[in-house]
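Report on the structure
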Amino acid sequence: MKVLFVCSHQIQNLIPLFVELNKKKDFNFKVIYWEKLTSFHYDEEFKQQIDFNINFYRNYDFVSLSKEKNSTKSFFSFFNKIRISINLIKYFFKNDFNTVIFYGYYFPHVISAILLKILGKKTVLRSVSYNLGKRNLLKKVIRYFYYRLSNLFFDEFWSICKLNTDFFLSFGVKKEKIFLIPSSQITKEFIFNENEKFLLNNEKIVEDNKLSKNKKFILFAGKFNSQKRPLFLINSFINAQLGNEWNLILSGGGGIFHDDVLKFINKNNLSNVSFVGYKNLREMIGLYTISDIVVLPSDYGETHGNVLMEAIQFECALIASDRTGIYPEILKEQMGLVFKAAYKSDLIEKFKLLTKDKELLLKLKKNGIKYSDKIKPLYAANKMSELLIKK
């Protein structure tokens, strides 16, 4: 049996999953990318050059519809999607697969799914989609028809969480067609080679990032955009008045609020708020290791919250808004606290509670470690394999 996974470009948390799927003996697995990125490239959302510091293309079979590029700038333009649609159609006429998995509702994927259904192939959708956005009537009508029509051409829907399942159901997908497979994440084992000793010295991590010594850390990692709300976060942290014991680390940057955040920190001389810049995956592991809490103050437009799921592997408790895709699981599995996104006062209260209640903090950390087994690439690969080989 031959299985193809269709993906727009190299997405960091999917690479380890592809490696695990490639090891399966029951089927021949391959990935097709719209675009092939260089490791060091310009990211349109970060508005800067970044490097994840992992090998995008090792230990699995793949093909790309484009030559190697060093920027994501034109990936999702309308004209590029037209080009991709044509190239995907050509590819499917020339290559035969039993099952094709599409990552996302992009119209090149929907067009390809229509063709594959005509050809009698099995189609699967894996999408990070929710009903959390704030939309006008026109957008709601467009979404209603686009998703309902698109869903007619997929045989199965591989959900990553409860809100993703609710999304599928709301657009006409039958419950028996939906299968829950939590979104797999990068692990420290994948980042560090087998022959490389995994040693992290907390004092050195603090020193390398020019952080204050003898502090407890709350970490935010992400773009400085309207979805992540970095200024909302900083103000909430200040108003929580946690004292000198706690320090807020801001990692990432870029986005429309990048300059505003830096100016705000400097203008107000915030000694307990530290901007450490963009960090690759190895460096992020260091920040997770020294942090007690990871926070994601998301507004409308946020997706799953991968950074939260990465963090639980390193004994981090979570604070997230109720506009983050994974928030029902955070509550159900008691991995963290969830605040109402519209209320700064609620985030302030969550900061106060989790920094003062040591027993609660420890409990949330332990529960996160326990749940982290379900977001390992091997777990997702095994679940997918079961579905692919079933009669």
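The structure this text deals with has already been given above.
Residues numbered from 1 in each chain as written. Predicted model: local features only at pLDDT ≥ 70, side-chain atom pairs only at ≥ 80, totals over all residues. Heavy atoms only, no water.

1. What about the overall build of the chain?
For the chain, the helix and strand inventory stands at 15 helices and 16 strands. Taking 391 residues into account, the globule formula puts the C-alpha radius of gyration at 21 Å, and the chain, at 21 Å, falls close to it. Along the first, second and third principal axes, the C-alpha set of the chain runs to 65 × 55 × 40 Å. Here the chain, with 391 residues, has 55% of them falling under the buried criterion. Taken together, the 60 basic and 38 acidic charged side chains of the chain have centroids lying 5 Å from each other. (Helix = DSSP H or I, 4+ residues; strand = E, 2+ residues; numbered from the N terminus. Rg over C-alpha atoms; globule rule 2.2 N^0.38 Å. Buried < 20%, exposed > 50% of the residue type's maximum accessible area, 1.4 Å probe, protein only. Lys, Arg positive; Asp, Glu negative; His and termini not counted. Charge placed at Lys NZ, Arg CZ, Asp CG, Glu CD.)

2. With respect to the side chain of glutamate 156
Examined against the element boundaries, glutamate 156 turns out to sit in strand S9 (residues 156-159). Taking relative accessible area as the criterion, glutamate 156 reaches 6% and is therefore assigned buried. Side-chain polar atoms of glutamate 156 contact the side chain of lysine 390, separated by 3.4 Å. (Polar contact = N/O pair within 3.5 Å; in protein donor to acceptor, adjacent residues only side chain to side chain.)

3. A short note on the packing of helix H8 (residues 230-240) against helix H13 (residues 344-356)
Look at H8 against H13: their axes get within 9 Å of each other, and the N-to-C directions meet at 55°. When the axes of H8 and H13 are compared, the pair comes out oblique. Pair H8 / H13 crosses with right-handed handedness. Packed against H8, whose contacting residues are Phe232, Leu233, Asn235, Ser236, Phe237, Asn239 and Ala240, the element H13 presents Lys344, Leu347, Ile348, Phe351 and Lys352 at the interface. Residues that form the contact of H8 with H13 fall into these classes: seven nonpolar, three polar and two charged. (Axes fitted to C-alpha atoms, helices over the stretch in contact; angles between N-to-C directions. Parallel < 35°, antiparallel > 145°, perpendicular 65-115°, else oblique. Left-handed = near helix turned anticlockwise from the far one by under 90°. Contact = heavy atoms within 4.5 Å. Nonpolar A, V, L, I, M, F, W, Y, C, P; charged D, E, K, R; others polar.)

4. Regarding the sheet that holds strand S4 (residues 48-51)
Note: strands within a sheet are paired through backbone hydrogen bonds, in either parallel or antiparallel orientation. Strand order across the open sheet formed by three strands is S4-S3-S6, with mixed pairing between neighbours. Lying at the two open borders of the sheet, with one neighbouring strand each, are S4 and strand S6 (68-71). Each strand of the sheet is rotated relative to its neighbour by a mean of 30°, with strand direction disregarded. (Pairing = 2+ DSSP bridges.)

5. Focus on the nonpolar core
Within the largest apolar cluster, 103 residues are counted, with the highest numbers of intra-cluster contacts made by Leu250, Leu308 and Phe351. With six residues, the single largest contributor to this core is helix H10 (residues 281-290). Apart from residues no more than four positions distant in its own chain, phenylalanine 351 is found in contact with Ile218, Leu233, Ser236, Phe237, Ala240, Leu242, Val295 and Ile319. (Core = buried A, V, L, I, M, F, W, Y, C linked by side-chain atoms within 4.5 Å.)

6. Some details on the side chain of asparagine 209
Along the chain, asparagine 209 falls in the loop between helix H7 (202-208) and strand S11 (216-223). We classify asparagine 209 as buried; its relative accessible area is 13%. Within the structure, asparagine 209 has its side chain in polar contact with the side chain of lysine 279 (distance 3.0 Å). Once residues lying within four places of it in the same chain are set aside, the contact partners of asparagine 209 are Val276, Lys279 and Leu287.

7. Concerning unusual backbone geometry
Even without being glycine, lysine 210 reaches a positive phi, approximately 55°. Along the chain, the position of lysine 210 falls in the loop between H7 and S11.

8. Structural notes on helix H4 (residues 137-150)
In this model, H4 (14 residues) spans 20 Å end to end at C-alpha, consistent with the 20 Å of a helix rising 1.5 Å per residue. Within H4, burial applies to Arg143, Tyr147 and Ser150. Along H4, the residues classed as buried sweep out an arc of 60° about the axis, all on the same side. Opposite the packed face of H4, turned more than 90 degrees from it, sit the exposed residues Leu137, Leu138 and Leu149. Contact partners of the buried residues in H4: helix H3 (107-118) and helix H5 (162-170). (Expected span 1.5 Å × (residues − 1). Arc of directions from axis to C-beta.)

9. Overview of the packing of aromatic side chains
This model, assessed by the stated rule, comprises 34 aromatic pairs. Here the aromatic residues Tyr91, Phe92, Phe97, Phe102, Tyr105, Tyr146, Tyr147, Phe154, Phe157, Phe167, Phe168 and Phe171 are joined through ring pairs into a cluster of three or more. Over the ring of tyrosine 300 we find arginine 323, and its NZ or CZ is 3.9 Å from the ring centre. (Phe/Tyr/Trp six-rings, centres within 6.5 Å; stacked < 30°, edge-to-face > 60°. Lys NZ or Arg CZ within 6 Å of the ring centre and 35° of its normal.)

10. What about the sheet that holds S9?
Read across the open sheet, the seven strands follow the order S5-S2-S1-S7-S8-S9-S10; overall the sheet is parallel. Two strands close off the open sheet at either side, each with one partner strand: strand S5 (62-64) and strand S10 (178-180). Strand-to-strand twist across the sheet, computed as the mean angle between neighbouring axes with direction ignored, equals 20°. Examined bridge by bridge, strand S2 (residues 28-33) and S5 share three bridges and lie parallel to one another. Looking at the pairing, isoleucine 32 lines up with valine 63 of S5. Against the sheet, helix H2 (residues 78-94) touches strand S1 (2-7), S2, S5 and strand S7 (99-103), its axis set at about 175° to S1.

Structural measurements only, silent on function.
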